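If you want the building blocks of each chain, they are given just below.
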Amino acid sequence: MSKVIVHADKATAAKAVAATIRDLITAKAKAGQAAVLGLATGSTPLPLYAELVRLHREEGLSFRNVVSFNLDEYEGLSGDHPQSYRYFMEQNLFRFIDIRRENTYVPAGISADAARTCADYEAAIRTAGGIDLQVLGIGRTGHIGFNEPPSALDSRTRRVHLDEVTRRDNSVFFGELSLVPQGALTMGVGTIMDCRQVELLAFGTGKAEIIRKTLQTQPSADCPASWLQSHARCTFHLDPEANALL
Ligand code: PGA
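Now for a look at the structure at hand. (Residues numbered from 1 in each chain as written. Predicted model: local features only at pLDDT ≥ 70, side-chain atom pairs only at ≥ 80, totals over all residues. Heavy atoms only, no water.)

Locating His143 in the fold gives a position in the loop between strand E6 (133-136) and strand E7 (158-161). A distance of 3.2 Å separates the side chain of His143 from the side chain of Glu148, its partner in a polar contact. Side chain to side chain, His143 and Thr166 meet in a polar contact 3.3 Å long. Setting aside chain neighbours within four positions, we find His143 in contact with Gly137, Ile138, Glu148 and Thr166. (Helix = DSSP H or I, 4+ residues; strand = E, 2+ residues; numbered from the N terminus. Polar contact = N/O pair within 3.5 Å; in protein donor to acceptor, adjacent residues only side chain to side chain. Contact = heavy atoms within 4.5 Å.)

Below, the structure is given as C-alpha cells:
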C-alpha cells in the first residue's frame, strides 16, 4: 500500500528524500555493499539533487559506492545533446559529486538495436543486484519514467512512443514542439515495481488531478502510476498544491 506524506513545500520534501538516500548509502557502505539508486529527470527532482550535492559538499556524503540507473532517455539524442537525460544528470548531479561515471547508467538514446539496448539495460540492473531505491516524478498523463498510458504492469525496459501531452509539456525545454523526440527508451512498469523502495515526488497544482487519479482509481494501464498502489514500499511526497484534490 502506498503511503502519502504532505510536506510544507518542495524544499522540505526534497530534504526528506535526500535524507532517506543518505541513510541508505551510509548503511550499505557500512555493510561493504553498493547502494543501487534509480534516478529520474525533469524539473521535479532538481531540489533533491541540489540537496544531495549539499550533503556531499558540506556533510561529506560520498557516492563512491553508488551505482545509478536512470529511468529513461529520449530516442535519437546522444549523451552530449543538451536535452538528453544523460546530459541532464551530468549538469545537475554527477559533475558535483564523486560518483564513478562507469557506475552511472542511462539508456542509450542512439543505438543500432534498441531492443538489444533495452534487454542489456535490464541485465545490467539484475547484475547490480536490483534497484534499492527508485526516485520518481509523475507526468500529467500518469506516466512514470516514460510509461505512457496504456502501460501494462509487467512491461519491461523498452522503446515507447511519447504521448502528445508529454511532448507539449516537455517542449518548454526544447524551445519548440517539433524538436521534441517522438520516442524514448524507458524502464517498464514491471522494472519499477521490482525496485525495493520507491520515493515519488509531485509538486504544484498541475499535478493535483493526476495524483488524485493515481491514488483513488482502480489500478490500470490507463494510469500507469496507479500500479504503484500495490507496491510494498512506495511513498508519495507531495506539496500542499499537489495534495489539493486528495
Ligand atoms: P516534471 O516531469 O518533473 O518536469 O514535472 C515529471 C515527469 O514527467 O515524470
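This part covers the sheet that holds strand E4 (residues 72-74). An order of E4-E8-E7 is seen for the 3 strands of this open sheet, with the pairing classed as antiparallel. Looking along the sheet, the strands with just one partner apiece sit at the ends: E4 and E7. Each adjacent strand pair in this sheet contributes to an overall mean axis angle of 30°, direction not counted. (Pairing = 2+ DSSP bridges. Axes fitted to C-alpha atoms, helices over the stretch in contact; angles between N-to-C directions.)

A few words now on helix H7 (residues 208-216). Within H7 the residues assigned to the buried category are Ala208, Ile210, Ile211, Thr214 and Leu215. What you see down the axis of H7 is that its buried residues fit within an arc of 165°, all on one side. Where H7 is buried, its residues touch strand E1 (3-6), strand E9 (198-202) and strand E10 (234-238). (Buried < 20%, exposed > 50% of the residue type's maximum accessible area, 1.4 Å probe, protein only. Arc of directions from axis to C-beta.)

As a further point, take the packing of aromatic side chains. Counted under the stated rule, the structure contains 6 aromatic pairs. Between Phe69 and Tyr121 the ring centres are 5.7 Å apart and the planes differ by 85°, which places this aromatic pair in the edge-to-face class. A residue pair is termed long-range when its members are at least 10 positions apart, and Phe69 in strand E3 (residues 66-70) and Tyr121 in helix H4 (residues 114-127) qualify at 52 residues. Take Phe69 and Tyr121: they sit in the same class, and that class is buried. The interplanar angle of 85° and the centroid separation of 5.2 Å between the aromatic rings of Tyr74 and Phe174 together place this pair among those described as edge-to-face. Of this pair, Tyr74 sits in strand E4 while Phe174 sits in helix H5 (residues 164-174); the two residues are 100 residues apart in sequence, bridging distant segments of the chain. Every member of this aromatic cluster is reached through a ring pair, and the members are Tyr74, Tyr85, Phe146 and Phe174. (Phe/Tyr/Trp six-rings, centres within 6.5 Å; stacked < 30°, edge-to-face > 60°.)

Okay, empty space enclosed by the protein next. A complete count under the given rule lists 1 cavity of 30 Å³ or more for this structure. Its volume calculated, the largest cavity comes out at about 40 Å³. Together, Leu37, Leu39, Phe63, Val66, Ser68, Leu93, Phe94, Ile97 and Ile99 line the largest cavity. Listing elements by their share of the lining of the largest cavity, those giving two or more residues are strand E2 (35-39) and E3. Here the lining of the largest cavity is built from residues that sort into 8 nonpolar, 1 polar and no charged. (1 Å grid on protein atoms, 1.4 Å probe; cavity = no way out; pocket = protein on both sides within 12 Å on 5 of 7 lines; lining within 4 Å. Points joined across faces, edges and corners; volume = space filled by probe spheres on them. Nonpolar A, V, L, I, M, F, W, Y, C, P; charged D, E, K, R; others polar.)

Another point: the side chain of Arg167. On the secondary structure map, Arg167 appears in helix H5. Side-chain polar atoms of Arg167 contact the backbone oxygen of Val180, separated by 2.8 Å. One polar contact links the side chain of Arg167 to the main-chain carbonyl oxygen of Pro181, over a distance of 3.3 Å. In contact with Arg167, other than residues within four places in its own chain, are Leu162, Leu177, Ser178, Val180, Pro181 and Gln182.

Okay, the pattern of salt bridges next. Scanning the entire structure with this criterion turns up 15 salt bridges. Taking the shortest distance from any N to any O, the salt bridge between Glu209 and Arg212 comes out at 2.8 Å. With a gap of 3 residues between them, Glu209 and Arg212 both fall in helix H7, about one helical turn apart. Of the residues examined, Glu209 reaches a relative accessible area of 39% and is grouped as partly exposed. Several salt bridges share partner residues, and in doing so they unite Lys15, Glu51, Arg54, Glu58 and Glu59 into one network. (Salt bridge = Lys/Arg side-chain N within 4 Å of Asp/Glu carboxyl O.)

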